[in-house]
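# Observations on the model geometry
Spelled out from the first residue to the last, the chains are:
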Amino acid sequence: MMKKMSIPTSKTSLVLFLCQIISALDVPLDSKLLEELSQPPTITQQSPKDYIVDPRENIVIQCEAKGKPPPSFSWTRNGTHFDIDKDAQVTMKPNSGTLVINIMNGGKAEAYEGVYQCTARNERGAAISNNIVIRPSRSPLWTKEKLEPNHVREGDSLVLHCRPPVGLPPPIIFWMDNAFQRLPQSERVSQGLNGDLYFSNVQPEDTREDYICYARFNHTQTIQQKQPISVKVFSMDSLNDTIAANLSDTDIYGAKPVTERQPVLLTPTGSTSTKVELRGNVLLLECIAAGLPTPVIRWIKEGGELPANRTFFENFKKTLKIIDVSEADSGNYKCIARNTLGSAHHVISVTVKAAPYWITAPRNLVLSPGEDGTLICRANGNPKPSISWLANGVPIAIAPEDPSRKVDGDTIIFSHVQERSSAVYQCNASNEYGYLLSNAFVNVLAEPPRILTPANKLYQVIADSPALLDCAYFGSPKPEIEWFKGVKGSILRGNEYIFHDNGTLEIPVAQKNSAGTYTCVARNELGKIQNEVQLEIKDPTMIIKQPEYKVIQRYGQVSFECIIKHDSTLLPTITWLKDNDELPDDDRFLVGKDNLTIMNVTDKDDGTYTCIVNTTLDSVSASAVLTVVAAPPTPAIIYARPNPPFDLELTGQLERSIDLSWIPGDENNSPITNFVIEYEDALHEPGVWHYQTEVPGTQTTVHLKLSPYVNYSFRVIAVNKIGRSQPSEPSEQYLTKSASPDENPANVQGIGSEPDNLVITWEPLKGFQSNGPGLQYKVSWRQKDVDDEWTSVIVANVSKYIVSGTPTFVPYEIKVQALNDLGYAPEPSEVIGHSGEDLPMVAPGNVQVHVINSTLAKVHWDPVPLKTVRGHLQGYKVYYWKVQSLSRRSRRHVEQKILTFRGNKTFGMLPGLEPYSSYKLNVRVVNGKGEGPASPDKVFRTPEGVPSSPSFLKITNPTLDSLTLEWGSPTHPNGVLTSYTLKFQPINNTHELGPLVEIRIPANESSLILKNLNYSTRYKFYFNAQTSVGSGSQITEEAVTIMDEAMASRQVDIATQGWFIGLMCAVALLILILLIVCFIRRNKGGKYPVKEKEDAHADPEIQPMKEDDGTFGEYSDAEDHKPLKKGSRTPSDRTVKKEDSDDSLVDYGEGVNGQFNEDGSFIGQYSGKKEKEPAEGNESSEAPSPVNAMNSFV
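### Looking at the packing of aromatic side chains
- Applying the stated rule across the entire model yields 21 aromatic pairs.
- Ring geometry for Phe560 and Tyr609: centres 5.4 Å apart, planes at 25°, overall stacked. With a gap of 49 residues between them, Phe560 in strand β51 (residues 558–561) and Tyr609 in strand β57 (residues 607–614) connect regions that are remote in the sequence.
- Assessed through its relative accessible area of 0%, Tyr609 is described here as buried.
- Ring geometry for Trp861 versus Phe901: centroids 5.9 Å apart, planes at 50°, classification tilted. You can see Trp861 sitting in strand β75 (residues 856–862) and its partner Phe901 sitting in strand β77 (residues 897–902), a full 40 residues away along the chain.

### Remarks on the nonpolar core
- Among the nonpolar cores identified, the biggest contains 31 residues, and Ile59, Ile61, Trp75, Ile101 and Tyr116 are the most heavily contacted of them.
- Elements with a minimum of two residues in this core: β5 (59–61), β6 (63–68), β7 (72–77), β10 (99–101), β11 (114–122) and β13 (132–136).
- It is β11 that contributes the most residues to this core, 3 residues altogether.
- Counting residues in each nonpolar core, the second largest holds 22 residues, with Ala361, Ala379, Ile396 and Val442 among its members.

### Focus on the state of the cysteines
- As enumerated under the stated definition, the model contains 6 disulfides in all.
- Disulfide pairing places Cys63 opposite Cys118 at an S-S distance of 2.0 Å. The S-S bond linking Cys63 to Cys118 shows a torsion near -70°; that makes this disulfide left-handed. With Cys63 in strand β6 and Cys118 in strand β11, this residue pair connects regions lying 55 residues apart in the sequence. With respect to class, Cys63 is no different from Cys118; both count as buried.
- The partner cysteine of Cys471 in its disulfide is Cys520, sulfur to sulfur 1.8 Å. Disulfide Cys471 to Cys520: torsion about the S-S bond roughly -60°, handedness left-handed. Taken as a pair, Cys471 in the loop between β42 (467–469) and β43 (473–476) and Cys520 in strand β47 (residues 516–524) lie far apart in primary sequence, 49 residues in all.
- Look at Cys520 and you get buried, because its relative accessible area is 1%.

### A word on unusual backbone geometry
- The linkage connecting Lys68 with the following residue, Pro69, adopts the cis geometry, with an omega of 0°.
- Here Pro69 shows up in the loop between β6 and β7.
- Across the junction of Leu168 and Pro169, the peptide omega takes the value -10°, indicating a cis bond.
- Structurally, Pro169 can be placed in the loop between β15 (158–160) and β16 (172–176).
- One non-glycine residue, Asn95, lies in the positive phi region at around 55°.
- Looking at the element boundaries, Asn95 is found in the loop between β9 (90–92) and β10.
- Positive phi, normally seen in glycine, also occurs at Asn1012, with a value near 60°.

Rules used in this analysis
Residues numbered from 1 in each chain as written. Predicted model: local features only at pLDDT ≥ 70, side-chain atom pairs only at ≥ 80, totals over all residues. Heavy atoms only, no water. Phe/Tyr/Trp six-rings, centres within 6.5 Å; stacked < 30°, edge-to-face > 60°. Helix = DSSP H or I, 4+ residues; strand = E, 2+ residues; numbered from the N terminus. Buried < 20%, exposed > 50% of the residue type's maximum accessible area, 1.4 Å probe, protein only. Core = buried A, V, L, I, M, F, W, Y, C linked by side-chain atoms within 4.5 Å. Disulfide = S-S within 2.5 Å.

So, in structure tokens, the structure goes:
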């Protein structure tokens, strides 16, 4: 695989296309420039060497390439030209070399088996692909065989042979029973690597007739089944009973009990065997033993240890698995089977061979005319691979002669190349286990200089800071770069300037006089070009009056000042923080132009307040502490922060250390607990103070460790219980000498942003960590377990580097090392990163759906091989949608639903399905790049469910004895409707229910006339629909039949007759006269019959009446709540209870707690309301009036 080295710094950053050459060109990643430069073809994508295809689908053989001009494509098949124009089934994609062989429209995959190779060619050379071997997958049927039952004695060993058919690729073997349940395995019973099922000793529970071996062919998503195998285990007890039944009493009989046996190896056989495995593969060694008790397996390597972190035990330790084997894993491996009776062992001699692998793959070479260069191709393997060269796809021995080229084994040496020397060279490294093929082009370019930095670009920096002026360039031969200041200035030289290889001019400490116009000139033998840039130097932003420490009493007012000085062309912004966080959202905090005022101070306002000043080029800050105290009740000693230390002195100056001393300020009645020492780096971060160390309050000197290439100033802050003092005045400055870096960048990561790149990032060192001028980084990488040598490049002080042309999602070892003009930092540690992810290649297989009920289904699938995920596996997505409702047979667009299952999950539940519907689903694997291809759509159906309620129920055309019912079918039938059920019952004026009548109605009806009903009667109807599953929810309605007009007329006439009115008036008058007489006699104190009766009996309101004589009984609240029984119109004492409104829906309500009796009558109340108590006095014994009787029909 071709690899590129690139140095991305910005839009004008450079890409290094070559290494191991004498003189190389840097080609910038400028899109316009790249379009203009000629380039030989490069293969960017191709199908795998061993390409197994699905014979039911079209064959797609990939071949993509780039070049300038765009390359043309051709193919060979089995070593001869493949003319795709003569085969109607074969097409080539436009602007591509990818072949599409149409199998789904009549072609046969077997006819296209063979070895294919793609050639991409333009005027500068030809690149070729690997030999791509096309083979259709095969899943043959099991050969028929007659299987005899296995009769085994308890405790003996047994092997059930699977012998699956030979497929391409080989099938996955597993054992199941007739119920499709996997057979349990253990230390005693397990499946071997060859698919056979091994019993170390059989037990009676092993008897069964459905041992079935299955072979799953993932490529074609098919499963083949072997005929069931029967096993019968005879126990010793049953065998003794059989023998006893056939012998006389005098015979000596008795089978031996189950005999324990020492281990014997079932596989492998013999005492020794051999195994050959290839480097990088997984080594699997197996030992399965018979014996009773069941033997335990242990593995050792003779003369060595099993490799740590790469050794795994599987199948109850019967299988030894070593991943990523190398030549060092060769040797003798011994398995030992042991039980209580003894042991057995087997020695497997393992030899690790190796297909060719790269030590140094040839890399693209870009040269100028007359330059020299080399292509190196080094590979290793076991046995040692042979190296052969091709030029433009032709063996170099018969390729056209090139006087500038000389082949020396694994190296091609180019001397004094010319433009006609451009070509693509192929290196082939091969041995008996495989081959490697790599394309590398030699591109000879002759180009005049070009400057890619925009003209008159403006750079702005703060005074005393570094200034970097870009001059990105390209030319062939490589141009020389010179810098001038001013229009007619002389060439820049001297120690105050640093000239970088990428053309950048660095001014380490830019002063006011550094401002002006700078001219970059690029020249080679083909021409000269120049470009001007502008540099402006700005004054630094400073806080000339910083906020000061304040002590304030509660509920007082405090103000902090922050007065700044800044460059007049820069716009500053001032931000205030409290304890390094935003100010509270409180109206008491008032932010002015250059101050912060806090009104009505409370205890929670105590803290550190920071003023931060930002411009587009720099930032400064200052802090002060606010201490909130209670107002002292009486004058007391004033405790305050200490005064700042003074008279700072530096002594004992060395390269990496210095001594600092000072004189403490006044303690202000609170002893100093410690001193804090801070430093400023005037060279890298002027105006910014950093914490250095702190010492106890009794110490006034300190020995400080220093870093190289830092211009130090120190200050001291005293601390007591009240708080911190103001900082002391800064000490004199001390500039340490430069040195190589002491540390490397942190947080090194490697994550690809595209399928063919690796983005290496890191946290750059801070200014003072550089230890000297010219800070750069050496970025190194190599493909893990593939490359032995590191690929390295040195980049400017940036934080990112992109490696292009990488394989998709492979691990890389990465390290980033700092260096400056004085040398390198210590060797950095390595980290593991991955190149970019690509979309997954294959869809999940064996998708199965198990419908649990009418609204829920469970979907299963097989996980995709991790190699085909091509990225970090995030999970699986299930897309499912309703195709149609089976009850309506109408299709409509329904949005897909998506369920995501995280991780390597292989099943999931699909909720919320609609009953009696047809659904489709597919499954896709998801990685960090996106979703892979969808599995073939799986169709499943949900069973019928109960229907929803009918859409409406209308009651029309009421007559004396009939009602007409009309209804609408359920909105959601959820199946095939079988019938409707109508239930109805009358309701009397006391809200009691009559008998319930039920009628079944055919499903195709939509109306019904109910006849033979009672006149002037309210009925309640219950109506629902049924499917074969059951009844749906019901809809209710009420209606009243028409009243008989003659009866109503008679009732009204009685109530309005004159004699009836006169009678009522006479009775009323008689009662009034009687009451007046009683009142007069009571006032005179005399006795009258009523009074005598009152004296003889208690007040009737107090004295209870007995039910048997018609008098009042004891009051019972429970009785008032009892419902009236069917047919009762009045209570037993003939009192009439006044009812609530008959028209209340609550009284006939939907939420009634009741039940049906055996005769169909309804037991319980229709409303939750309590019946009113019987009326007092004579009213309780009155018969119902004609008016009340009439009202009862309403």
